[in-house]
Each structure stands twice: as C-alpha cells, then as structure tokens.
Amino acid sequence: MIENRTVAFHTLGCKVNQYDTQAMRERFEEAGFRTVDFEDRADVYVVNTCTVTGTGDKKSMQTIRRCHRNNPDAAIVVTGCLAQRAADELKLPGVRLVLGTQRRGEVVQLLAQALEQDCALIAVETLRQAPFEHLTVHAHEGHTRATMKIQEGCDRWCTYCIIPSVRGPIRSRPLDEIRAEAQSLAAAGFKEVVLTGIHLTSYGREQHGAITLLDAIRAVHEVEGIERIRLGSLEPVIVTGAFVQGIAAMPKVCHQFHLALQSGSDTVLARMRRRYTSGEFLAACAMLRGAFEDCALTTDVMTGFPGETEEEFAQTVDTCQRAGFARMHVFPYSEREGTKAAAMAGSVPRHIREERARQLIAVGKELERAALEGHIGRTDEVLIEEIDAQGRGTGYTGGYMRVHVQGAQPGEIVRVRIVGIENDELSGEIAG
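Residues numbered from 1 in each chain as written. Predicted model: local features only at pLDDT ≥ 70, side-chain atom pairs only at ≥ 80, totals over all residues. Heavy atoms only, no water.

1. Brief notes about the nonpolar core
Okay, step 1: With 56 residues, the main nonpolar core has Leu-213 and Leu-288 as its most contacted residues.
Okay, step 2: Counting residues per element, this core draws most heavily on helix α7 (residues 213–221), which supplies 6 residues.
Okay, step 3: Setting aside residues no more than four positions away along its own chain, Leu-288 makes contact with Val-239, Val-244, Ile-247, Phe-257, Leu-259, Cys-295 and Leu-297.
Okay, step 4: Ala-42, Val-47, Val-78 and Leu-90 belong to the second-largest nonpolar core, a separate cluster that totals 22 residues. (Core = buried A, V, L, I, M, F, W, Y, C linked by side-chain atoms within 4.5 Å. Buried < 20%, exposed > 50% of the residue type's maximum accessible area, 1.4 Å probe, protein only. Helix = DSSP H or I, 4+ residues; strand = E, 2+ residues; numbered from the N terminus. Contact = heavy atoms within 4.5 Å.)

2. Re the pairing of strand β3 (residues 44–49)
Note on strand geometry: in a regular strand, side chains alternate between the two faces of the sheet.
Okay, step 1: Counting buried positions over the 6 residues of β3 gives 6, a clear majority of the element.
Okay, step 2: Burial of β3 is two-sided: the residues Val-44, Val-46 and Asn-48 facing one way and the residues Tyr-45, Val-47 and Thr-49 facing the other way are all buried.
Okay, step 3: The pairing of strand β1 (residues 6–11) with β3 spans 5 bridges and is classified as parallel. Pairing of His-10 across the sheet is with Val-47, part of β3.
Okay, step 4: As defined by bridge partners, β3 adjoins strand β4 (residues 75–80) across 6 bridges and the pair is classed as parallel. Each bridged residue has a counterpart across the sheet, and for Thr-49 the counterpart in β4 is Gly-80. (Pairing = 2+ DSSP bridges.)

3. Brief notes about unusual backbone geometry
Okay, step 1: Located in the positive-phi region is His-208, a residue other than glycine, with phi close to 55 degrees.
Okay, step 2: As for its placement among the helices and strands, His-208 is situated in the loop between β9 (192–197) and α7.
Okay, step 3: The phi torsion at Arg-275 lies on the positive side, around 70 degrees, for a residue other than glycine.

4. Observations regarding the pairing of strand β16 (residues 402–405)
Okay, step 1: Residues Arg-402 and His-404 of β16 are buried on one face, and the alternating residues Val-403 and Val-405, pointing to the opposite face, are buried as well.
Okay, step 2: Sheet analysis places strand β15 (residues 393–397) next to β16, joined by 4 bridges and oriented antiparallel. Bridge pairing in β16 links Tyr-396 to Arg-402.
Okay, step 3: Between β15 and β16, which pair antiparallel and follow one another directly, the connecting turn spans 4 residues, one of which, Tyr-400, has a positive phi of 65 degrees.
Okay, step 4: Two strands pair when backbone bridges link them, and β16 and strand β18 (residues 425–430) are joined in this way by 3 bridges, in the parallel orientation. What sits directly across from His-404, in β18, is Ser-427.

Listed below in structure tokens is the structure:
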C-alpha cells in the first residue's frame, strides 16, 4: 500500500479516544506498519480529534495542518468526534480518509481504498442504529496500567454537550469480551485496568437492567493477575447503597472516584439538565466517604455557563469546598453549535468565565494541597510506573496521588510510608 509503511498517531481528548487510537495502532502494526513518534516524518498520520470545546476543534485542525507540513506526501487519516460532526470541513491538504466514531477497526482497509482510488474518502456513517464497535487492545504504552473501553454513546443530552450527537446512543460491551480483554492484559503484565466509556454510568442501561456497571467491574475483578481496577468518570446518580455495597465487596476497586459536578449551583444544574442537585451530589460524596476511609474524590467543573450570576458562582465554590475534592479539572464554558445552551440568553462575557475559572482553580489547588497533606504519615500501596530523573520509582496510590520512592521498580506494587510533599507530589519510603 505504501512503500516505507510508517505511521504516527496523535490523540486529542478523553481516555476513550486514547483507547480507540491504540486499537487503530494495533490494526496498522498487524498490517506491517511501523509506528514512529508523531514528531517524526511518517508515511501515514492518524489524528484522533476532539470536539467537546472550541479549543478541541482548533487544536484538531492545527494538528492536521502540522502533519501536512511535516510531510506533504503523507496520507492523513482524521477520525474521532470532530470528524463525525464536521467531516466535510476536514478535507484539508493531505487528508485521504475521514472516519467518524465508527469503523475504526477498518482503518487500514479504508485507507488502502482511498489511496487506490486516489481520493479523499469520507467514511462517516449515521450513529442512529450503530452497534458497539468491537475494538480490542492487547498492549499499551508502559506495562503497568491499561485503559479498557467498555461503553459507548450517551443519551443524556445535557444542554451544553455535543457528545450525544457525535457518539450516538448507549451501547455496552458484552461481559465475555470484557473478561477476555482483561485476561489478555493480565497475561501481558498489566496490573491495573481503568474502565472507561463515554457515559460509563449508563453501562448496560440499554439492556433494561439485564447487566449493570457492577457486572462489568466484577468481570474484570475475577481475572487473576489484575490487581487494581480504576473507574472512569461517573455521574453522582450511580452512587446508591447497592452500588457502594457492590464495589466495597470487590477489594481490587480503587477508592478514587471521579464524580462529574459541572456546577455547584442548583439553578445552573437545572439549566444544564444535569438531573441532580448540589445536595444530592454532596450526599453521594458522603456515602462514598462513609464506605471508604481512604476515599479520594475528583471532579470536573465548568464556569460561566449562560446566565451564571455571581451568587451562582459563589454557590459552586461553596459546593466544591464542602465536597473536599482531591483534584479538580476546571474549565470555562465553551459554546457548541447545535446545543440548547448555545441559544440560551444571558451569555457570560469570556473574560468573566476565565476569571471565575482562575478563582476556582485556586480553590482546587488549596483542596489538593490539603488532600496531599492528609496523606503524610500514612502508608499506601503504590503501583510503580516509571523511574524519575532522580532514579526513584514513581507511581500512583489507589487514590491516584503521585508518589516518589527510592528502591522500587516499574511494575511493583509496594507499601510506601508517605513522608513529605515535593512540587505538589508525594514522597515516601518503602514501609518495613
């Protein structure tokens, strides 16, 4: 198909995109391609795009143009959410194939077809009746933690979000496929698996209760060799007594939970169509903390949603402080054409959105520092992932706090006594 057969990948956006990129990388390598660094000159570039925000769109377009500058003769494949939403806008110089959020498993064959026909092939399909695409991954960068995609699509239609239109309806991966991939990853030496999806909370919902997220977690938990299971982003509505009891019965589940808040104001949450109140969110936090002494909570928060007043922003700050997050991802609201929020009155000026984001980031830093200080003197299990510049083993606790410790090697899970903080990360000693 191509003489030198080298391919390079660039992924924008979420862990689901990262998983999809890895699956495509394996398809190319099975076809005889050699993967090179994205900064190197390659015969084929694959850009997996994001369209959650305007920034994602801009970065995606810039990356595509950079590929063409790096090698004007290269064939560029554009896939992902922006490709699904705006395929015709991506017929840029060098682009030979545009995929959406389906048919990634056919990427090599579709590119060959485009090159044979000497055209820019658009292979973007409607998602209305789309099945779960059976992508599989057998390897990841590094050899300690792997991501596994178990769910696709979303039907929540939050007023600010474009994702349901570019990812399609709820589809869940069969339990036997989940179990088989976990076994494959364990055999390859991975000790931790991160379960992810576009709307992980909805896993199994299209099957009307026949299976739930707990069943998917249990399928991985039963696999020998997998020692940790980490959950991707969850909605607070999943935190019920039955759910908490279920994960408490599975000791491999990490006690770090990413609950997407978005706003701590009830009136803003209602305009967002988020289906919970700040009080219900805080109750979910309390339930998790009551069940797990070492519970770490992380979140996403948006500032400057249409109509957000100073009082509503103050309510968000208060909710975040009361939740006591270990880490916060804060970002200003970005209009997405085609969403209900984009047509709402009361647009908040961009400089105010950004100033509120800066204020909330400062709050998040204070909370993160308090969470780090709370670990000093404790002993935690740390999965070592790499060696840092000082020759120390570096990895993460179950609460996803980064730790540096002498005398540990990648792939080990070691008990570490936390003794201090360095540059917003923990340092420790191997516990006797």
